Amino acid sequence: MQLNTLILGAGAAGMMCARHSGGSTLVIDHAKAPGEKIRISGGGRCNFTNMHAAADNYLSANPHFCKSALARYTQWDFIGLVDRHGIAWHEKTLGQLFCDGSSKQIIAMLAEEMQQAGADLWLQTSVESVEPTAEGFRVKLLREGTPQTVTCRNLVLATGGKSIPKMGATGLAYDLARQFGLAITETRPALVPFTFPDGRFQPLAGVSLPARLSNARTSFDEALLFTHRGLSGPSVLQLSSYWREGEEITANLIAEIPLFDLLREQRQAEGRRDLTTELARHLPSKLVEVLKPQLGLKGRLADQSDAALRSLCDALENWRLLPAGTEGYRTAEVTLGGICTDGLSSRTMEAKAAPGLYAIGEAVDVTGWLGGYNFQWAWSSGFAAGTAIAANA
């Protein structure tokens with residue numbers, strides 16, 4: 001079978017690329033259905049982009065690499081596509097956009113767009129080998145147990161990273177990239193919960209509150225969630241992308257509360273009130289109980305001097321913690337690192353040393369924040385590669 005373009009991976013980036021790559025395009029995937037990570041995203045409603053998406057929201061060894069693709073296919077372009085398909089959506093917080101209905105609507109939209117563009121889709125199909133030819137690539141496939149050989153002028157690596165291996169995630173894109181001389185930037189789990197070995201947070205499992213999570217390089221103000229294994233929630237997931245083993249983090253548990261002023265006011269108004277009872281008006285009561293012995297919380301409000309109240313607030317603003325690690329690729333939403341951008345064109349996503357080979361989406365060393373940014377990179381990088389392929393057809 002001879003094609004112009006073979007796209008490995010029917011995820012967000014691969015399907016978007018197929019929509020724009022012109023005729024004679026085949027998309028393959030090992031799964032039984034396309035867009036599986038789209039389906040499970042956003043609690044089943046798909047946080048499909050972010051209104052504030054810009055280069056500053058991405059991590060990469062080359063922070064400028066993503067600018068070209070993001071500028072040429074923006075969040076507004078994708079919102080326009082969603083609107084044309086009549087998919088209702090809403091903004092949640094911090095510019096995060098979700099379907100009102102189901103994430104399956106986004107998958108159906110992309111499948112329809114692919115079909116209209118003339119692209120074919122083979123599911124339950126795996127890659128056995130890839131070889132260069134004088135005019136492109138020869139790819140041996142196994143389609144539902146039957147060997148198939150495809151030759152193509154263009155080969156697109158859109159198989160993602162290593163995150164969520166139970167859904168079939170592998171390092172295939174990295175292996176193929178290395179085969180054609182591309183370097184791989186160190187890969188790590190990202191947007192992933194922290195773990196603590198002593199089970200210290202088990203009594204707090206399920207408790208959440210707004211917090212500021214920080215390390216020496218950055219901080220995030222979003223919800224913090226305690227789990228049986230450690231810490232999760234948006235603020236933790238965001239910070240995990242910037243964290244390294246052995247590094248301490250700081251949690252500000254009262255970032256949104258002028259607690260010192262409130263405690264002083266209540267000391268004057270209701271001095272007989274117990275300090276822990278008053279704190280439980282502003283923080284989860286279970287958390288207050290856990291912190292009680294650590295911070296020496298005792299006595300009435302009237303017994304607390306300004307210095308004591310200030311010391312308490314300082315402790316709540318600077319709760320220092322040392323994670324043992326993260327939950328790893330098992331629960332990581334994305335993979336940090338990937339195919340080194342030095343070997344790719346930022347405009348077309350084509351490999352500089354291997355004409356006709358493209359890398360897009362999570363496989364590339366571009367990782368977005370939590371909140372729709374990684375989907376936007378998938379749309380933008382897929383568009384960049386697809387339009388470049390169509391222009392050279």
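Residues numbered from 1 in each chain as written. Predicted model: local features only at pLDDT ≥ 70, side-chain atom pairs only at ≥ 80, totals over all residues. Heavy atoms only, no water.

A. Spatial organisation of the nonpolar core. Within the largest apolar cluster, 78 residues are counted, with the highest numbers of intra-cluster contacts made by L6, F78, I106, I339, W377 and W379. L213, Y242, L309 and V334 belong to the second largest nonpolar core, which has 44 residues in total. (Core = buried A, V, L, I, M, F, W, Y, C linked by side-chain atoms within 4.5 Å. Buried < 20%, exposed > 50% of the residue type's maximum accessible area, 1.4 Å probe, protein only.)

B. The packing of helix 1 (residues 12–20) against helix 12 (residues 373–391), seen in detail. Viewed as axis vectors pointing N to C, helix 1 and helix 12 meet at an angle of 30 degrees, and their least axial separation amounts to 7 Å. Overall, the two elements helix 1 and helix 12 adopt an arrangement that is roughly parallel. Crossing geometry of helix 1 relative to helix 12 is assigned as right-handed. In this structure, helix 1 contributes A12, A13, M16, C17 and H20 to the contact, and helix 12 contributes F375, A378, W379, G382, F383, A385, G386, T387, I389 and A390. Grouping the constituent residues of the contact of helix 1 with helix 12 by class yields eleven nonpolar, four polar and no charged. (Axes fitted to C-alpha atoms, helices over the stretch in contact; angles between N-to-C directions. Helix = DSSP H or I, 4+ residues; strand = E, 2+ residues; numbered from the N terminus. Parallel < 35°, antiparallel > 145°, perpendicular 65-115°, else oblique. Left-handed = near helix turned anticlockwise from the far one by under 90°. Contact = heavy atoms within 4.5 Å. Nonpolar A, V, L, I, M, F, W, Y, C, P; charged D, E, K, R; others polar.)

C. Expanded view of the pairing of strand 13 (residues 208–214). Pairing between strand 13 and strand 14 (residues 219–226): seven bridges, direction antiparallel. Following the sheet pairing, L209 is matched in strand 14 by L224. Where strand 13 folds back on strand 14, the antiparallel hairpin that results is connected by four residues. Where strand 13 and strand 16 (residues 249–252) come together, three bridges link them in antiparallel fashion. Each bridged residue has a counterpart across the sheet, and for L213 the counterpart in strand 16 is A251. (Pairing = 2+ DSSP bridges.)

D. Highlighting the packing of aromatic side chains. Counted under the stated rule, the structure contains 15 aromatic pairs. Ring centres 5.9 Å apart and planes at 50 degrees place the aromatic pair F48 and F78 in the tilted group. One end of the pair, F48, is in strand 3 (residues 47–50); the other, F78, is in helix 4 (residues 75–84), and 30 residues separate them in sequence. Both rings, one in Y58 and one in Y373, keep their centres 6.2 Å apart while their planes meet at 90 degrees; by these two values the pair is edge-to-face. (Phe/Tyr/Trp six-rings, centres within 6.5 Å; stacked < 30°, edge-to-face > 60°.)

E. Main features of the side chain of N154. With respect to the helices and strands, N154 occurs in strand 10 (residues 146–157). Overall, the relative accessible area of 7% leaves N154 in the buried class. Among the polar contacts made by the side chain of N154, one reaches the side chain of T5 at a distance of 3.5 Å. Apart from the residues lying within four places of it in its own chain, the contact partners of N154 are N4, T5, L6, F137, G356, Y358 and I389. (Polar contact = N/O pair within 3.5 Å; in protein donor to acceptor, adjacent residues only side chain to side chain.)

F. Geometry of helix 11 (residues 306–317). For helix 11, with twelve residues, the first-to-last C-alpha span of 16 Å sits near the 16 Å given by 1.5 Å per residue. Along helix 11, the positions that sit buried rather than exposed are L309, L312, C313 and L316. Viewed along the axis of helix 11, the buried residues span an arc of 95 degrees, placing them on a single side of the element. Buried residues along helix 11 sit in contact with strand 16, helix 8 (259–269), helix 9 (275–279), helix 10 (285–295) and strand 17 (319–321). (Expected span 1.5 Å × (residues − 1). Arc of directions from axis to C-beta.)

G. Layout of the environment of G328. One can find G328 in the loop between strand 18 (325–326) and strand 19 (334–339). Sequence separation between G328 and R264 is 64 residues, and the spatial gap between their C-alpha atoms is 44 Å. Setting aside residues no more than four positions away along its own chain, G328 makes contact with P189 and V192.

H. Representation of the sheet that holds strand 6 (residues 96–99) in the model. The three strands lie next to each other as 3-6-5, forming an open sheet whose pairing is antiparallel. With partners counted over all chains shown, the strands left at the sheet margins are strand 3 and strand 5 (89–91), one partner each. Mean inter-strand twist for the sheet, computed between neighbouring axes without regard to direction, equals 30 degrees. Inspection of the sheet shows strand 5 paired to strand 6 by three bridges, in the antiparallel sense. Within strand 6, the position partnered with E91 by the bridge is L97. Along the sheet, helix 4 makes contact with strand 3, strand 5 and strand 6, crossing strand 3 at roughly 140 degrees.

I. Local environment of the sheet that holds strand 17. Read from one edge of the open sheet, seven strands run 17-16-13-14-15-12-18, paired in antiparallel fashion. Edge positions in the sheet fall to strand 17 and strand 18, since each has one partner strand and no second. In the packing of helix 11 onto the sheet, contacts are made with strand 16 and strand 17, and the angle to strand 16 comes to roughly 125 degrees.

J. Focus on the pattern of salt bridges. Inspection of the entire model under this criterion finds 19 salt bridges. Among the ionic contacts, a cluster of salt bridges with common partners joins E270, R273, E278 and R281. (Salt bridge = Lys/Arg side-chain N within 4 Å of Asp/Glu carboxyl O.)

K. Fine view of the pairing of strand 14. The sheet contact formed by strand 14 and strand 15 (residues 230–232) spans two bridges and is antiparallel. Directly across from F226, in strand 15, lies its bridge partner L231. Two successive antiparallel strands, strand 14 and strand 15, enclose a turn made up of three residues.

L. Highlighting helix 6 (residues 172–179). Buried within helix 6 we find A173, Y174, L176 and A177. All buried residues of helix 6 lie within an arc of 165 degrees about the axis, which places them on one face of the element. Backbone geometry just downstream of helix 6 places G181 in the positive-phi region, at approximately 85 degrees.

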